[in-house]
Amino acid sequence: METLYIRQKQIFVTAFQVIKCKAAVAWEPNKPVVIEEIEVAPPQANEVRIKIVATAVCHSDLYHLFEGMNKDGFPTVLGHEAAGIVESVGPGVTEFQPGDKVIPIFLSQCQECHLCKNPKTNQCAVAWIHQETMSAVESRFTCKGKRVLQFMGTSTFSEYTVVHQMAVAKIDPAAPLDKVCLVGCGISTGYGAAVNTAKVEPGSTCAVFGLGAVGLAAVMGCKAAGAKRIIAVDINPEKAEKAKVFGATDFVNPKDHDKPISEVLTEMTNGGVDYSVECVGNVQVMRSALESSAQGWGVSVIVGWTTLHDIAIQPIHLISGRTWKGSLFGGFKSKDGVPKMVKAYLDKKLKLDEFITHNMTLDQANDAIELMKNCKW
C-alpha cells in the first residue's frame, strides 16, 4: 500500500507540468542514439501521459534507424513496444485515470471510423496519421530547444511519453509490465498472423519464415490453433531449440540446402504447406513463403515490413489457387485485442517470459540495439 500511495502522490504532483526525464534520442539516421534529458509536455485534449515502466526493442525501431533512411523522421525517440502507468490525462479523457496500467499501441483504434466498425479488418482510418512519426507540431517532446518527433505516435525509449487515447489499451492491474510490454507489438503481430489472418486449422501443416520474436510468436500461434506440423525456417542455427519451445516440430536452415527453400519444403510436405507465414521483411523471402504453400489451397501471410523493394512473382502461383495475404498487428483491433492477449498470459495460455533474453537499463539502449542488430537475442 505504501508504494501505491507514493506512486499516486508523484502522479498528482507532476500532473499539468512539463516533466524533465531521460530518453534515448535518435538525432540522425544510422547513428547511435544519445541518452538525453528531454522535456515532456502535459497531455492535451484526448491525450494520456504515461510513465514507461518497461519497453522492448523491435526490429521496426532498427528499420527506421538503419534501413529506412528517412531524414525527415529525425530527430526522434524510438520505441513502440512498452507498458506503463498513466501519470495524467488531458481534457476529454474519460477511459483512463492516473494509476491505470496501460500499453501504448502503434496501431490506433478510434472506434468510430468505417474501418473500426467493420469486423473484417483491424485497420483504422486515422491510424496511419500516427504510423511513422508525429509531426513536429503534434509532438510533446523537446530537447535542447528542438522539437523531437514521436516515433509511431508512441516513443517509448523515454521515461515518459504522451499518446492519444485511441492508441492506448487499459490492461489488468495484476499484469507484470516487464513481461506484457511485448504484447504491444511483436507477440500480438506474430501470434495473430497465424490465428487471425492465416486462420490456421487443426491438423494442418505450417511453415514460419524468420525466427525473431514475431516469427516465434507465429510458431506459438500455429501451435495454439492446432497445427500438426510446424516447420521453422531461419538461417541462424541457434534458433532451432528456441523454436521448439514455442511448438515447432521441424527446423530448416536454407543454407544447408543447394536448392530453393520452397523446393525443400514442398518435398518435405509432399506438395507444400497449408499455411506459410513470412516474418522477415525481405521480398525474396516473401516470394519463397508463397511458393512453399500448397497448390490449390495454400495460404501465405506477409508480416515482415519493408518499403525498400517491390515484389515480383509468377502469376501462376496465385492462379493455381494459392491465397496471399498481409497482416498488420496480427489482425487484432488494438484496444480490444491487447487486453485479451494480456489476460491469456495471466491465464497461462500465452508464453511471454520465454521471449526475454536480456534485461537492460535505458542507459544501455545502444547495447540493446546492437544485440538485436547482430542477432544475439
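The residue numbers shown here count from 1 along each chain, following its written sequence. Owing to the predicted nature of the model, reporting of local features is limited to residues with pLDDT of at least 70; listing and counting of side-chain atom pairs is limited to 80 or more, with chain, interface and lining totals taken over all residues. Side-chain figures throughout are based on the complete set of non-hydrogen atoms in the structure, without hydrogens or water.

1. Overview of the overall build of the protein
Now for step 1: Numbering of helices and strands runs from the N terminus; a helix is a DSSP stretch of H or I covering at least four residues, while a strand is a stretch of E covering at least two. Within the protein, the secondary structure is distributed over eleven helices and 16 strands.
Now for step 2: For this measure, only C-alpha atoms enter the radius of gyration; the expected value for a globule follows 2.2 Å times N^0.38, where N is the number of residues. In terms of overall size, the protein behaves like a compact globule, its C-alpha atoms giving a radius of gyration of 21 Å where 377 residues would be expected to give roughly 21 Å.
Now for step 3: Buried residues are those whose accessible area, probed at 1.4 Å on protein chains only, stays under 20% of the maximum for their type, while exposed residues exceed 50% and partly exposed ones sit between those limits. Within the protein, buried positions represent 54% of all 377 residues.
Now for step 4: By definition, residues are in contact when any of their heavy atoms lie within 4.5 Å. When contacts within the protein are restricted to residue pairs at least 6 apart in sequence, long-range pairs at least 24 apart make up 70% of them.
Now for step 5: To be clear on the numbers: accessible area is Shrake-Rupley with a 1.4 Å probe, and residue cover counts the displayed protein chains and nothing else. When the accessible surface of the protein is totalled, it reaches about 17200 Å², and 53% of it is carbon and sulfur.
Now for step 6: Positive charge is attributed to Lys and Arg, negative charge to Asp and Glu, and no charge count is given to His or to the chain ends. Here the site of a charge means atom NZ of a Lys, CZ of an Arg, CG of an Asp or CD of a Glu. Of the charged side chains in the protein, 38 are positive and 39 negative; the average position of the first set lies 4 Å away from that of the second.

2. Section: the sheet that holds strand 7 (residues 141-143)
Now for step 1: Strands sit in the order 1-2-7-8-4 around a closed barrel of five strands; the barrel is mixed.
Now for step 2: By the convention used here, strands pair only if DSSP detects at least 2 bridges between them. Sheet topology note: the strand 4 (residues 76-77)/strand 8 (residues 146-150) ladder contains two bridges and is parallel. In the strand pairing of strand 8, Val77 is matched with Gln150.

3. As for the side chain of Lys335
Now for step 1: Note that Lys335 resides in helix 10 (residues 334-346).
Now for step 2: For this analysis, a polar contact is any N or O atom pair within 3.5 Å, provided that within protein one partner can donate a hydrogen and the other can accept it, and provided that sequence-adjacent residues contribute only side-chain to side-chain pairs. At 2.9 Å, the side chain of Lys335 and the backbone oxygen of Gln165 are in polar contact.
Now for step 3: Those residues within four positions of Lys335 in sequence are excluded, and the remaining contacts are Glu95, Phe96, Ile105, Gln109, Gln111, Gln165, Met166, Val168 and Ala169.

4. Here we look at the domain arrangement of the protein
Interfaces are often described in size by the accessible area the parts lose on coming together.
Now for step 1: Here the protein is described as being made up of domain 1 (60-185 + 332-374) and domain 2 (199-326).
Now for step 2: Domains are outlined according to an automatic or database domain assignment. Averaged C-alpha coordinates put domain 1 and domain 2 at centres separated by 28 Å.
Now for step 3: Domain 1 puts seven residues into the contact, and the matching count from domain 2 is eleven residues.
Now for step 4: Buried area: the accessible area, evaluated with a 1.4 Å probe, that two parts lose upon being put together, summed over both parts. Carbon and sulfur atoms supply 73% of the area buried between domain 1 and domain 2, which totals about 870 Å² over both sides.
Now for step 5: What counts as a salt bridge is simple: a side-chain nitrogen of Lys or Arg found within 4 Å of a carboxyl oxygen of Asp or Glu. If you look at where domain 1 meets domain 2, you find zero salt bridges.
Now for step 6: Summed over the shared surface of domain 1 and domain 2, the result is two residue pairs in polar contact (both at pLDDT 80 or more).

5. Quick look at the packing of aromatic side chains
Now for step 1: For this analysis, a ring pair means two rings from Phe, Tyr or Trp (six-membered ring only for Trp) whose centres lie within 6.5 Å, classed as stacked if their planes differ by under 30 degrees, edge-to-face if by over 60, and tilted for the remaining angles. Tallying each qualifying case throughout the model produces two aromatic pairs.
Now for step 2: Here Phe106 and Phe329 contribute two aromatic rings whose centre-to-centre distance is 5.5 Å and whose plane-to-plane angle is 85°, an arrangement assigned as edge-to-face. One end of the pair, Phe106, is in the loop between strand 6 (101-104) and strand 7; the other, Phe329, is in the loop between strand 16 (323-326) and helix 10, with 223 residues separating them in the sequence. Like Phe106, the residue Phe329 is buried in the burial classification.
Now for step 3: Both rings, one in Phe246 and one in Phe355, keep their centres 4.3 Å apart while their planes meet at 35°; by these two values the pair is tilted. Of this pair, Phe246 sits in the loop between helix 6 (239-245) and strand 13 (250-252) while Phe355 sits in the loop between helix 10 and helix 11 (365-373), placing them 109 residues apart in sequence. One exposure class covers both Phe246 and Phe355, and it is buried.
Now for step 4: Remark: a charge is flagged as sitting over a ring if the NZ atom of Lys or the CZ atom of Arg is within 6 Å of the ring centre and within 35 degrees of the ring normal. The residue whose ring lies beneath Lys373 is Phe66, and the NZ or CZ to ring-centre distance is 4.1 Å.

6. Structural notes on the sheet that holds strand 6
Paired through their backbone hydrogen bonds, the strands of a sheet run either parallel or antiparallel.
Now for step 1: Spatially, five strands are ordered 9-3-5-6-10 in an open sheet, and the strand pairing comes out antiparallel. Only two strands of the sheet have a single partner each, and these edge strands are strand 9 (160-164) and strand 10 (168-170). If you compare each strand with its neighbour and ignore which way they point, the axes differ by 45° on average.
Now for step 2: As defined by bridge partners, strand 3 (residues 47-56) adjoins strand 9 across five bridges and the pair is classed as antiparallel. Paired with Lys51 across the strands is Tyr160, a residue of strand 9.
Now for step 3: In this analysis an axis means a line fitted to C-alpha atoms, helices contributing only their contacting stretch, and an angle means the value between N-to-C directions, from 0 to 180 degrees. Strand contacts of helix 10: strand 6 and strand 10, with the helix running at about 40° to strand 10, the strand carrying the most contacts.

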